[in-house]
Amino acid sequence: MIDAGERPIFSPEHHAFRDTVRRFLDAEIAPHLDAHEAAGVVERATWEKAGAAGLLCPQVPPAYGGLGLDFAFNAIVGEEISYLGSAVGFTLQSDIVADYLVHYASEEQRHRFLPGMVAGTTISAIAMTEPDAGSDLQGIGTIARRDGNGWRLSGSKTYITNGQSADLIIVVARSTEQGGARGLSLFLVEAGDKGFSRGRNLDKIGLHANDTSELFFDDVPLPGDRLLGAEHGGFAMLMSQLPQERLSIAVQSQASAQRAFDEAVRFTADRQAFGRRIIDFQNSRFVLAGLKARLQVGWAHLDWAIARHVAGKLGPVEASAAKLWHSEMQWEACDAALQLHGGAGYMNEYPIARLWRDARVSRIYGGTSEIMKELIGRSLG
Ligand SMILES: Cc1cc2nc3c(=O)[nH]c(=O)nc-3n(C[C@H](O)[C@H](O)[C@H](O)COP(=O)(O)OP(=O)(O)OC[C@H]3O[C@@H](n4cnc5c(N)ncnc54)[C@H](O)[C@@H]3O)c2cc1C
């Protein structure tokens, strides 16, 4: 269990919320982890139960159906889901998509979409990546051409989280024929829009409970009220949302690493070889001691970053550094913890197998580790 009791960034309200989150996950997610993985998706009824329990989009203001809480509440949900080892896409909805709507949507758009996202009756996604444009978003080819008061959207996206289930998708598209960052805009596409279709649920190494898809836009007519934020202002909006997106991944990475460590301690204290417990070998102790030290530093750093973000001060370079460090640490922790399990670690019946599979993507999505280093490096002068 994550030891949150001594973490000063959390108030009694945060602790009470964590209890609610744990009760929900124990009852509604933990018993179904394998079923969700087999289905490749978490069913809508679970999203609606999560909404009813108050787990979705904690930051959304009360005027739009939410509780108007701070990001530390989002972090609690992210930590607990990741510690459990579930791949449900709640955090993408709460930490990323809802935040775009809160910051950039018109009043009409907020009233239209946010209450459903809070309730879990609307599942959402954000589609930036394309078959030919991932790290380099300036290469986006999906285009929205003016058509009267609205647009017509054409192109395709790939690797989109919640892609099979999403009712609402923020699509990043080029809104002028010119290339580069200045011509990008954000559009709200709904599941029933004419010309919108989805590919298959993509077959991934891990995160099996999370649906991930290609999306296709075949001359989709979009009325004027589907533009999100300023026309041609897409790149600036993407950049200003990055701190929360990257912090969200850092939160999940840290909690997953803690679970991997806890599993390794439990396993090695239980299993024997050469007449001793595995944990009694010096190598096991050294590996675990090294991880414990990194986890301790990691929690302190994460709490600093969460508090700084809640205060509105976390910058994009700091968030990139957090994502880089915590996701790399997650991978090293999961890999070392699996090794300490021996052959059992390679068996899907042990939690470490799922943690290890799911960890691999943290260094890739939300910006790869190499891109994080580029961004940090560029800030150095
Ligand atoms: C499970 C999963 C879920 C995802 N969910 C979403 C989602 O919901 N929405 C969404 O829009 N996208 C999503 N993505 C896409 C993800 O964000 C991209 O895969 C990621 O940003 C990398 O882009 P790419 O795959 O095109 O790799 P590329 O950009 O082609 O990179 C290939 C390699 O080149 C390296 N590289 C690229 N540029 C540089 C450089 N300048 N310097 C050094 N190295 C470089 C990269 O680090 C990488 O190692 C998801 C991906 C996965 C796997």
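The structure under discussion appears in the preceding block.
Keep in mind the model is a prediction, meaning the values are calculated, not measured. Sequence order as written defines the numbering, with residues in each chain counted from 1. Where local features are concerned, this predicted model is filtered to residues with pLDDT of at least 70; where side-chain atom pairs are given and counted, the filter is 80 or more; whole-chain, interface and lining totals use all residues. Water and hydrogen atoms were dropped before computing side-chain values, which therefore reflect all heavy atoms in the structure.

Caption draft 1: Up close: helix α1 (residues 12–29). For α1, with 18 residues, the first-to-last C-alpha span of 25 Å sits near the 26 Å given by 1.5 Å per residue. Exposed residues in this analysis have more than 50% of their type's maximum accessible area, buried residues have under 20%, and partly exposed residues fall in between, with area computed by a 1.4 Å probe over protein chains only. Each helix corresponds to a stretch of at least 4 residues labelled H or I by DSSP, and each strand to a stretch of at least 2 residues labelled E; elements are numbered beginning at the N terminus. Buried within α1 we find H14, F17, R18, V21, R22, F24, L25 and I29. The buried residues of α1 occupy an angular sector of 165° when the element is viewed end-on, so they sit on one face. Away from its buried face, by an angle of more than 90 degrees, α1 presents the exposed residues P12, R23 and D26. Residues of α1 that are buried in the fold lie against α2 (33–39), α3 (44–52), α4 (71–84) and α5 (90–104). Residue count minus one, scaled by 1.5 Å, sets the expected span of a helix. The arc refers to the directions leading from the helix axis to the C-beta atoms. Any two residues having at least one pair of non-hydrogen atoms within 4.5 Å are treated as being in contact.

Caption draft 2: Just the site of the ligand, in detail. Only a single heavy atom is needed: when it lies within 4 Å of a molecule or strand, its residue is near that molecule or strand. Taken together, 17 residues are adjacent to the ligand, and T129, S135, T161, T368 and E370 come closest. By the criterion applied in these results, polar contacts are pairs of N or O atoms within 3.5 Å in which, for protein atoms, one can donate a hydrogen and the other can accept it, and in which residues neighboring in sequence qualify only through two side-chain atoms. Within the contact set of the ligand, an oxygen atom lies 2.8 Å away from a backbone nitrogen or oxygen of M128. A distance of 2.6 Å separates an oxygen atom of the ligand from a polar atom in the side chain of S135. Accessible surface is estimated by sampling points in the Shrake-Rupley manner with a 1.4 Å probe; for residues, cover comes only from the protein chains shown. Expressed as a share of its isolated accessible area of 970 Å², the protein-covered part of the ligand is 64%. Listing elements by their share of the shell around the ligand, those giving two or more residues are β1 (124–127), β3 (150–161) and α11 (369–378). For the shell around the ligand, the leading source of residues is β3, giving three residues. Within the shell around the ligand, the residues separate by chemical class into nine nonpolar, six polar and two charged. When residue character is reported, Ala, Val, Leu, Ile, Met, Phe, Trp, Tyr, Cys and Pro are called nonpolar, Asp, Glu, Lys and Arg charged, and the others, Gly included, polar.

Caption draft 3: Structural detail: unusual backbone geometry. A positive phi angle, near 55°, is found at D219, a position not held by glycine. Relative to the assigned elements, D219 resides in strand β7 (residues 212–222). On the basis of relative accessibility, which here comes to 36%, the residue D219 falls in the partly exposed class. At H232, a residue that is not glycine, the phi angle is positive and equals roughly 65°. Within the element layout of this structure, H232 appears in the loop between β8 (227–228) and α7 (234–270). Given a relative accessible area of 33%, H232 falls into the partly exposed group.

Caption draft 4: Quick look at the environment of L202. Of note, L202 is situated in the loop between β6 (196–201) and β7. A relative accessible area of 15% means that L202 is categorised as buried. As for L202 and R44, which are separated by 158 residues in sequence, their C-alpha atoms are 19 Å apart. Among all residues touching L202, those that are not within four sequence positions of it are T158, Y159, T212, S213 and E214.

Caption draft 5: Spatial organisation of the pattern of salt bridges. Between Lys or Arg on one side and Asp or Glu on the other, a salt bridge is scored when a side-chain nitrogen of the former is within 4 Å of a carboxyl oxygen of the latter. The final tally for this structure, using the stated rule, is 28 salt bridges. Of the charged contacts in the structure, one is a salt bridge between R152 and D147, with a shortest N-O distance of 3.0 Å. Residue class for R152 comes out partly exposed when judged on its relative accessible area of 30%. For D147, a relative accessible area of 38% corresponds to the partly exposed category. When the shortest N-O distance is used, the salt bridge between R378 and E374 registers 3.7 Å. Separated by four residues within a single helix, R378 and E374 lie in helix α11, roughly one turn from each other. Exposure remark for R378: the relative accessible area of 59% places this residue in the exposed category. Here E374 falls in the partly exposed class, since its relative accessible area comes to 43%. When salt bridges that share partners are traced, they join R7, R18, R22, E79, E80 and D303 into one network.

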